[in-house]
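# Structural description and commentary
Chain residues, written in single-letter form:
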Amino acid sequence: MKSISPGQLVMLMSIYLYSETAGFLSAPIAKTASYNAVVSLCLGACMGYVIMLFSTALARLNLDEYFAVFGKYILGKWLHYPLIFMLIAYCLHRASMTTRNLGDFLLVNHLPTTPEAVILVLVGTGVAFTVRAGVQAIARVAEVLFFINILLFVMLTPLLLGVEIQIPMVRAFVTNFNPVQTAAGMFQATPWFGDGFVILFLYPHLKQHLKVNRMLFRGLLISLGLILSYLIPSILAFGPALTGKMTYPVMEYVRMLRIADFIETLDPFLTILWIPAIIVKISLLIYAAVVSLARIFALKDFKPLSFSVTALVTGYSIHFTGNSTNLLNFMTVDWPAFALTMQLIPVLYWTVGKLRGKNSAMKKAR
């Protein structure tokens, strides 16, 4: 079985949690939490880490088998199979939402005359080959992206903080504290980090299980730092009200940067980084789903499912919603409660498993 080292896990989770969040959560959380967006994001990351801890605690009940298999020995077949299919459906639904986000982003910023269905099919094709390559290939792509993002973080952060920002506005992050806005922003941000619960489906691939929680925490901190490096300068440049009304405030801010006469704008470089990073997230979600399906149906290999499931995700992303406005409304109003409900299902398994004893999860599948 191909495995992921602790270092690879840090880099994979950093890219997985950072990529979509930095691009598509900035405007909604600025609109909801205003100057409390930073605190809300940090609290949401903490709550997301708690969700991940429950997932890893559940996975440790049986280190030798996938959760899709041993879960039935905790709750019983009649309850486990509906729940595991709900979790698989959530992963595919989440992958479809992310694919549509990426398609809308490319359509608005770079390919305005290209039919969106064509963009989504091209993205889906890349995702399908990535999923088929396996979890180790996904982790190695994340490694490359991690080092590039860290390098750019070191190089660009001084520029991001030094161009067109209102320094006196920094005080507002402290003086304008509003507990209601903070709580609303935290509720909005938590499921974006809670998506790390996908580690439950990948646990048999991980080396040195005792270090997993520490590696997840480090990955979470790095992703949070990368997200804040874009969010804070955007709010300081535009203010929370205008930031909340922009579709992609980070892109608008990066377009303002000028390094030299021969580099008029940096947004193409940001796009080049975001596309593979978001594809890593989509691929990991689909991989978690297909490997679980393969175990449930006792298939020897998950690869035959890769193209068909990815095609299903791509097709659903095309019909996910009518337009980007409806998608944004869904992400900010309806999706957080739904996502948290799905992400907290492992808590039910863990609670029952603890009450029944570890042996209930250690039984081998016949």
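Rules behind the numbers
Residues numbered from 1 in each chain as written. Predicted model: local features only at pLDDT ≥ 70, side-chain atom pairs only at ≥ 80, totals over all residues. Heavy atoms only, no water. Helix = DSSP H or I, 4+ residues; strand = E, 2+ residues; numbered from the N terminus. Rg over C-alpha atoms; globule rule 2.2 N^0.38 Å. Buried < 20%, exposed > 50% of the residue type's maximum accessible area, 1.4 Å probe, protein only. Contact = heavy atoms within 4.5 Å. Areas by Shrake-Rupley, 256 points an atom, 1.4 Å probe, with all protein chains shown as cover. Axes fitted to C-alpha atoms, helices over the stretch in contact; angles between N-to-C directions. Parallel < 35°, antiparallel > 145°, perpendicular 65-115°, else oblique. Left-handed = near helix turned anticlockwise from the far one by under 90°. Nonpolar A, V, L, I, M, F, W, Y, C, P; charged D, E, K, R; others polar. Phe/Tyr/Trp six-rings, centres within 6.5 Å; stacked < 30°, edge-to-face > 60°. Expected span 1.5 Å × (residues − 1). Bend = angle between axes of the 7 residues up to and from the residue. 1 Å grid on protein atoms, 1.4 Å probe; cavity = no way out; pocket = protein on both sides within 12 Å on 5 of 7 lines; lining within 4 Å. Points joined across faces, edges and corners; volume = space filled by probe spheres on them. Salt bridge = Lys/Arg side-chain N within 4 Å of Asp/Glu carboxyl O. Polar contact = N/O pair within 3.5 Å; in protein donor to acceptor, adjacent residues only side chain to side chain.

The secondary structure content of the chain amounts to 17 helices and 0 strands. For a compact globule of 366 residues, the expected C-alpha radius of gyration is about 21 Å, and the chain comes in at 20 Å, within 12% of that figure. C-alpha extents for the chain along the principal axes are approximately 65 × 45 × 35 Å. Each of the 366 residues in the chain was classed as buried or not, and the buried ones make up 56%. Sequence separation of at least 24 residues holds for 84% of the intrachain contacts in the chain that already meet a minimum separation of 6. Accessible surface for the chain amounts to roughly 15,400 Å². Of this, 67% is attributable to carbon and sulfur atoms.

Moving on to the packing of helix α6 (residues 77-109) against helix α15 (residues 303-318). Direction vectors running N to C along α6 and α15 enclose 55°, while the axes themselves pass 8 Å from each other. By the angle class used here, α6 and α15 are oblique. α15 is crossed by α6, and the crossing has right-handed handedness. For the pair formed by α6 and α15, the contact residues are Leu92, His93, Ala95, Ser96, Thr99 and Arg100 on the first element and Val309, Val313, Tyr316, Ser317 and Ile318 on the second. A breakdown of the residues in the contact of α6 with α15 according to their chemical character gives 6 nonpolar, 4 polar and 1 charged.

Right, let's get into the packing of aromatic side chains. What the rule picks out here adds up to 22 aromatic pairs. Between the aromatic rings of phenylalanine 85 and phenylalanine 297, the centroid separation amounts to 6.3 Å while the plane-to-plane angle is 45°, which identifies the pairing as tilted. Of this pair, phenylalanine 85 sits in helix α6 while phenylalanine 297 sits in the loop between α14 (267-296) and α15, placing them 212 residues apart in sequence. By relative accessible area, which is 33% here, phenylalanine 85 ends up partly exposed. Centroid distance phenylalanine 146 to phenylalanine 147: 5.6 Å. Interplanar angle 80°. Geometry classified as edge-to-face. On the basis of relative accessible area, phenylalanine 146 is assigned to the buried category, the value being 10%.

Looking at the element boundaries, arginine 100 is found in helix α6. If we skip the residues at most four places from it in the chain, arginine 100 touches Glu116, Leu120, Ser317, Ile318, Phe320, Thr321, Gly322, Asn323 and Leu327.

Further remarks concern the environment of tryptophan 350. In this fold, tryptophan 350 is placed in helix α17 (residues 345-356). Taking the C-alpha atoms as reference points, tryptophan 350 and glutamate 143, separated by 207 residues in sequence, lie 31 Å from one another. Excluding anything up to four places from it in sequence, tryptophan 350 contacts Phe54, Ala57 and Leu58.

Further remarks concern helix α12 (residues 212-245). Along an α-helix, residues three or four positions apart point the same way, because every turn accommodates 3.6 residues. Spanning 34 residues, α12 covers only 39 Å between terminal C-alpha atoms, well under the ideal 50 Å at 1.5 Å per step. Along α12, the sharpest kink reaches roughly 105°, centred on glycine 239 and followed within four residues by the proline proline 240.

So, on to empty space enclosed by the protein. It is a probe the size of a water molecule, rolled over the atoms, that shows where empty space is left. Going through the model one piece at a time under the given rule, you end up with 2 cavities of 30 Å³ or more. Volume-wise, the second largest cavity comes out at about 30 Å³. Listed by contribution, the elements that provide at least two residues to the lining of the second largest cavity are α1 (6-24) and α12. A per-class count over the lining of the second largest cavity returns 6 nonpolar, 1 polar and 1 charged.

It is worth spelling out the environment of glutamate 252 at this point. Structurally, glutamate 252 can be placed in helix α13 (residues 249-254). Other than its neighbours up to four places away in sequence, glutamate 252 contacts Phe238 and Met246.

As a further point, take the pattern of salt bridges. Under the defined criterion, the tally for this structure stands at 7 salt bridges. Of the charged contacts, one joins arginine 295 and glutamate 65 as a salt bridge, the two residues approaching to 3.0 Å between their closest N and O atoms. Of this pair, arginine 295 sits in helix α14 while glutamate 65 is found in the loop between α3 (37-59) and α4 (67-70), placing the two residues 230 residues apart along the sequence. For arginine 295, a relative accessible area of 34% puts it in the partly exposed group. Note that arginine 100 and glutamate 116 form a salt bridge whose closest N and O atoms lie 3.3 Å from each other. Of this pair, arginine 100 sits in helix α6 while glutamate 116 sits in helix α7 (residues 116-133); the two residues are 16 residues apart in sequence, bridging distant segments of the chain. Residue class for arginine 100 comes out buried when judged on its relative accessible area of 3%. According to the relative accessible area criterion, glutamate 116 is buried, its value standing at 17%. Members of the salt-bridge network, linked through shared partners, are Glu20, Arg94, Asp195 and Lys281.

The next subject is α1. The end-to-end C-alpha distance of α1 is 28 Å, a good match for the 27 Å that 19 residues give at a rise of 1.5 Å each. If you look at α1, its biggest bend is around 25°, right at tyrosine 18. Within α1, 18 of the 19 residues are buried, which leaves the element mostly enclosed by the surrounding structure.

Our next topic: the side chain of threonine 182. Relative to the assigned elements, threonine 182 resides in helix α10 (residues 179-194). Given a relative accessible area of 4%, threonine 182 falls into the buried group. At 2.8 Å, the side chain of threonine 182 and the backbone oxygen of asparagine 178 are in polar contact. Ignoring sequence-local partners within four residues, the contact set of threonine 182 consists of Asn36, Val39, Ser40, Leu43 and Phe177.

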